[in-house]
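# Descriptive structure summary
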Amino acid sequence: MIYKLKITNKKDEIQMDYYLKKDAGYFGFDISEMTKGQKDMKMFTVIDYDNSTTGMFMEMMGKKMVQKSKIKLSDFDLDENDPDFTITKIGSKTILGFNCQGFVMENKDSEVTVYLTDEAPVSFNKVWDNSRSKMPKGFNPAWMETYAENGLMMEMQFIDKKKKKNNTTMLCVGLEKTDFSLQASDYGSMLGALGK
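To start, this report covers the structure provided alongside it. All values reported here derive from a predicted model rather than from experimental measurement.

### A short note on the side chain of Lys-4
Residue position: Lys-4 is located in strand E1 (residues 2–9). With sequence-adjacent residues up to four places away left out, Lys-4 is seen in contact with Gln-15, Met-16, Asp-17, Leu-171, Cys-172, Val-173, Gly-174 and Glu-176.

Given below as structure tokens:
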């Protein structure tokens, strides 16, 4: 499925298309919004948590190439040095026909309001698996149980209490079926494609 996320801040409004498969230990995203204006260039990234790798698949100058790298799953954990957040369960609302529960996470520097659904057919549940051990003050573990298997963020509002220019909104504007696939074997190494 394609999870279409519109990201809006003071300077920009972009859409990121995430490709999710139910119960998969990986996901991909299309970053064509970031390559606008670069003729004949396509980029697609895959993050594979099961194998601790990322792959950036590129098409440019008529060549298909991939750059792979290892990732440390600990890079995705919450930073232990971050100031303590408190978390509060708030009201619910409907987004794209899905019932969503709201939560507010707040500390002295920022406030994050997020709406999650457990009704969507896909999720980033493998990401949640990596960070369950470090949760903010006031967090009720039962909330995680509800969204651990099939939770999907449908809206997020980030407010920086010190620098309004950093305020950001993310909103799911579409969740659509797709038959997209990527054949990794069609892509050569980046060094090989550059003649090295």
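### Here's the deal with the sheet that holds strand E8 (residues 98–106)
The strand order across the open sheet formed by twelve strands is E7-E8-E9-E10-E11-E1-E2-E3-E4-E5-E6-E12, and the pairing between neighbours is mixed. In this open sheet, the two edge strands, each paired with only one partner strand, are strand E7 (86–95) and strand E12 (188–189). Where strand E2 (residues 13–19) and strand E3 (residues 26–30) come together, three bridges link them in antiparallel fashion. Counted as the bridge partner of Tyr-19 is Gly-28 from E3.

### As for the pairing of E2
When E1 meets E2, the two strands line up antiparallel, connected through seven bridges. When the sheet's bridge partners are listed, Leu-5 is paired in E2 with Met-16. The antiparallel hairpin formed by E1 and E2 contains three residues in its connecting segment. Here E2 folds back onto E3 in antiparallel fashion, the turn holding six residues, of which Asp-23 has a positive phi close to 65 degrees.

### A word on the pattern of salt bridges
If the charged atoms of two oppositely charged side chains come close together, the side chains can form a pair. Within the structure shown, the criterion is met by five salt bridges. The closest approach of N and O atoms between Lys-93 and Glu-155, which form a salt bridge, is 2.8 Å. Residue Lys-93 is found in strand E7, and its partner Glu-155 is found in strand E10 (residues 152–160); the two are separated by 62 residues along the sequence. Since its relative accessible area comes to 33%, Lys-93 is described here as partly exposed. Across the pair Glu-106 and Lys-161 runs a salt bridge whose closest N-O atoms are separated by 2.6 Å. Here Glu-106 is found in strand E8, whereas its partner Lys-161 is found in the loop between E10 and strand E11 (168–176), with 55 residues between them in sequence.

So, how was this worked out
Residues numbered from 1 in each chain as written. Predicted model: local features only at pLDDT ≥ 70, side-chain atom pairs only at ≥ 80, totals over all residues. Heavy atoms only, no water. Helix = DSSP H or I, 4+ residues; strand = E, 2+ residues; numbered from the N terminus. Contact = heavy atoms within 4.5 Å. Pairing = 2+ DSSP bridges. Salt bridge = Lys/Arg side-chain N within 4 Å of Asp/Glu carboxyl O. Buried < 20%, exposed > 50% of the residue type's maximum accessible area, 1.4 Å probe, protein only.

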